[in-house]
Amino acid sequence: MKLTIRALVPAALIGTALLLGCRGQVSREPPMWIKHGMEFQPKYLAFQENGFFADGRNMRTPPAGTVAQGLLKEDDGFWRGGDSAHPIAKNPVPITDSLLHRGQERFDIYCAPCHGRTGVGNGMVVQRGFMPPPSYFDPRLMTMPDGQIFQTISNGVRNMPSYGKQIPEADRWAIVAYVRALQRSQSATMADVPDSAKANLR
Ligand code: HEC
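Attention in this report is confined to the structure presented alongside it. (Residues numbered from 1 in each chain as written. Predicted model: local features only at pLDDT ≥ 70, side-chain atom pairs only at ≥ 80, totals over all residues. Heavy atoms only, no water.)

Let's talk about the coordination of the iron atom of the ligand
Taken together, His115 (NE2) and Met160 (SD) make up the full set of protein donors to the iron atom of the ligand, lying 2.0 to 2.1 Å away. Here the iron atom of the ligand is ringed by six donor atoms whose angles at the metal span 85 to 178°, and the overall shape comes out octahedral. Taken as a pair, His115 in helix H4 (residues 112-115) and Met160 in the loop between helix H7 (146-155) and helix H8 (169-185) lie far apart in primary sequence, 45 residues in all. Classification of His115 by relative accessible area gives buried; the value is 10%. (Donors = N, O, S within 2.8 Å, 3.2 Å for Na, K, Ca; no water. Tetrahedral: all angles 85-135°; square planar, octahedral: opposite > 155°, others 65-115°. Helix = DSSP H or I, 4+ residues; strand = E, 2+ residues; numbered from the N terminus. Buried < 20%, exposed > 50% of the residue type's maximum accessible area, 1.4 Å probe, protein only.)

Following this line, the structure appears as structure tokens:
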């Protein structure tokens, strides 16, 4: 049989109509895979089972002591404030204006709700019934090593929760510096006030 153009026209029309009809329709059926690309390939996914290992898991436990690149927290002083029995005496971060400002900002967010903006221990949470923390001007806290304040933030102490998860180490040291500034402010004399600021005092 000889195919003429005329005979093809209805077939082309039906084909176009079918194609158009399928456009924009949502289907819950999986698509037909006419040609598989790299969508399906043998590979080990993290939480899958694996008969090769005795514990049956794909994910392997790294050997003890493994440290991810860039996460070696070797400097005990900076990362842990010394060890718990021997906290370091001095803040390892150089004290600068910007460090103190950062410390003030972080302190007002994380510590002031309980310790109060001046550190006397009368924060909003305490005014609403939480047990009051000691004043930072208590002689015991005045002479506490910097590393111990850092460790208090990191681990909490007795009734104070730990803030290690929320506050990165560098910010903890900024807060420690600011706590020291608050403490210092309570024993300041006129001689400590810069001349430019004296006019503002009443
Ligand atoms: C939820 C309230 C709360 C917050 C927030 C809080 N503290 Fe405390 N803090 C306490 C309480 C309560 C104590 C007293 C704990 C005790 O002796 O049982 C305390 C004690 C302390 C002490 C004395 C520790 C000691 O050995 O006696 C320091 C220093 C301190 N906090 C620093 C901070 C700093 C810095 C922050 C902010 C990062 C902070 N705290 C945030 C409630 C809080």
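Points about unusual backbone geometry
Phi at Arg158 takes a positive value of approximately 40°, unusual for a residue other than glycine. Assignment of secondary structure puts Arg158 in the loop between H7 and H8.

Observations regarding the site of the ligand
Close contacts around the ligand come from 21 residues, with Cys111, Cys114, His115, Arg140 and Met160 the closest. Taking His115, its side chain carries an N or O atom lying 2.7 Å from a nitrogen atom of the ligand. Separating an oxygen atom of the ligand from a side-chain N or O atom of Arg140 is a distance of 2.6 Å. A majority-of-atoms criterion places the ligand in the largest pocket. Among the elements of the structure, H4, helix H6 (139-142) and H7 are those that each provide at least two residues to the shell around the ligand. Residues belonging to the shell around the ligand are distributed by class as follows: 16 nonpolar, three polar and two charged. (Near = heavy atom within 4 Å. Polar contact = N/O pair within 3.5 Å; in protein donor to acceptor, adjacent residues only side chain to side chain. 1 Å grid on protein atoms, 1.4 Å probe; cavity = no way out; pocket = protein on both sides within 12 Å on 5 of 7 lines; lining within 4 Å. Sits in = over half its atoms within 2 Å of the grid points. Nonpolar A, V, L, I, M, F, W, Y, C, P; charged D, E, K, R; others polar.)

Some points on the packing of aromatic side chains
Under the criterion given, the structure shown has six aromatic pairs. Through successive ring pairs, a cluster of aromatic residues spans Phe107, Tyr136 and Tyr178. Positioned above the aromatic ring of Phe53, the side-chain terminus of Arg60 is 3.7 Å from the ring centre. (Phe/Tyr/Trp six-rings, centres within 6.5 Å; stacked < 30°, edge-to-face > 60°. Lys NZ or Arg CZ within 6 Å of the ring centre and 35° of its normal.)

In short, the description is geometric, and any link to function would need to be established separately.
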